Structures are given as structure tokens and as C-alpha cells.
Amino acid sequence: AMNPEAIASPGGNYSHAVRIDTGDGALLFVSGQVAFDPDGNLVGEGDMSRQTEQVFENIRAILEANGASFANVVKLSTFMTDIGRLAEMAEVRRRYVPEPPPASTTVEVAGLFRPEALIEVEAVAAIPG
């Protein structure tokens with residue numbers, strides 16, 4: 001389930017996730033996700049809320065393909081092109097991330113790999129055996 005069919009193919013450049021079995025469970029490292037729909041089109045141009053929703057839906061699909069959920073996420077790293085839009089992102093994120101929330105880092109970056117991408121999120125999940 002490194003590259004679930006529910007999200008756009010990474011085209012052989014990277015894997016959406018790498019799973020490391022630990023003997024009593026697994027660690028799942030999810031690559032940074034941007035707001036691509038399953039066909040590889042960026043959704044929500046200029047719309048932080050819509051892009052954040054698509055990003056978290058992509059992460060959900062990767063987690064579910066590995067028998068996990070957001071309850072298993074232990075670390076989120078968020079990269080935003082405008083930290084001034086943090087409240088928009090956080091409102092959407094709250095719908096996905098359960099209490100207590102995981103460890104988290106959010107930083108502003110000068111740009112992402114596509115100029116119209118406003119946000120990228122990566123995750124680490126601990127999956128019990």
C-alpha cells in the first residue's frame with residue numbers, strides 16, 4: 001500500500017508512504033501531500049481550506065490503505081506558503097485530527113514544488129501489531 005490507487009500516482013519519483021514493520025507493529029512515514037485529486041489535478045487554487053481538505057483526504061486514504069487512521073498519527077509536519085492563513089488550515093485540520101493531537105510542526109515556506117500549491121503536509125503514524 002505504498003501508493004494507494006485512491007490518490008494520484010507519484011509517477012515513480014517517490015513513494016506516498018514507507019512502512020517499517022517493528023515486530024510488534026509498524027511505523028508509517030507518509031510523504032508530503034499536496035491538494036491533488038485522484039487524477040493528479042491540483043484542487044482549490046487560491047483556497048486554503050479546500051486545499052487543506054484535499055491534503056487531509058489524501059493522508060486519510062494512505063492511512064486507511066495501511067490499516068490505520070488519524071488516531072494512529074504521532075507527528076504532522078505542515079508547510080504553508082502563507083502562515084497568515086493558519087486559522088483557515090487549522091479549522092479544517094481539526095475535523096481530521098482527534099484529541100489529543102499529535103506532535104506537530106508548522107512552518108512558512110517561500111514556495112512549494114507547484115506555485116499554486118498553498119500547503120503540504122507529511123505524517124508519521126504508529127500502527128499497533
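Whatever comes next refers back to the structure up there.
Only a predicted model underlies this, so the values are computations on that prediction, with no experimental measurement involved. (Residues numbered from 1 in each chain as written. Predicted model: local features only at pLDDT ≥ 70, side-chain atom pairs only at ≥ 80, totals over all residues. Heavy atoms only, no water.)

A. Examining the sheet that holds strand β4 (residues 103-108) more closely. Strand order in the open sheet made by the five strands is β1-β2-β5-β3-β4, with mixed pairing throughout. Each end of this open sheet is capped by a strand with a single partner; those strands are β1 (17-21) and β4. Averaged over all pairs of adjacent strands, the angle between their axes in this sheet comes to 10 degrees, without regard to strand direction. Here strand β2 (residues 25-33) runs beside strand β5 (residues 119-128); their pairing, made up of seven bridges, is antiparallel. (Pairing = 2+ DSSP bridges. Helix = DSSP H or I, 4+ residues; strand = E, 2+ residues; numbered from the N terminus. Axes fitted to C-alpha atoms, helices over the stretch in contact; angles between N-to-C directions.)

B. Highlighting the pattern of salt bridges. Per the counting criterion, the structure on display carries six salt bridges. A salt bridge links E57 to R60; its shortest N-O distance comes to 2.9 Å. Placement of both E57 and R60 in helix α1 (residues 48-65) is noted, with a separation of three residues, approximately one turn of the helix. Looking at E57, the relative accessible area reads 31%, which means it is partly exposed. (Salt bridge = Lys/Arg side-chain N within 4 Å of Asp/Glu carboxyl O. Buried < 20%, exposed > 50% of the residue type's maximum accessible area, 1.4 Å probe, protein only.)

C. View of the packing of α1 against helix α2 (residues 86-96). Interhelical geometry of α1 versus α2 gives an angle of 30 degrees and a closest axis separation of 8 Å. Looking at the two axes, α1 sits roughly parallel to α2. The interaxial crossing formed by α1 with α2 has right-handed handedness. Across the interface between the two elements, M48, S49, T52, E53, F56, E57 and R60 from α1 touch E88, M89, V92, R93, R95 and Y96 from α2. The class makeup of the residues in the contact of α1 with α2 is five nonpolar, two polar and six charged. (Parallel < 35°, antiparallel > 145°, perpendicular 65-115°, else oblique. Left-handed = near helix turned anticlockwise from the far one by under 90°. Contact = heavy atoms within 4.5 Å. Nonpolar A, V, L, I, M, F, W, Y, C, P; charged D, E, K, R; others polar.)

D. Looking closely at unusual backbone geometry. Here the residue pair E99 and P100 is connected by a cis peptide bond, since its omega of -10 degrees sits within 30 degrees of zero. Positionally, P100 belongs in the loop between α2 and β4.

E. View of the pairing of β2. Here β1 pairs with β2 via five bridges, running antiparallel. For I20, the partnering residue across the bridge sits in β2 and is L27. Where β1 folds back on β2, the antiparallel hairpin that results is connected by three residues, among which G23 adopts a positive phi of roughly 100 degrees.

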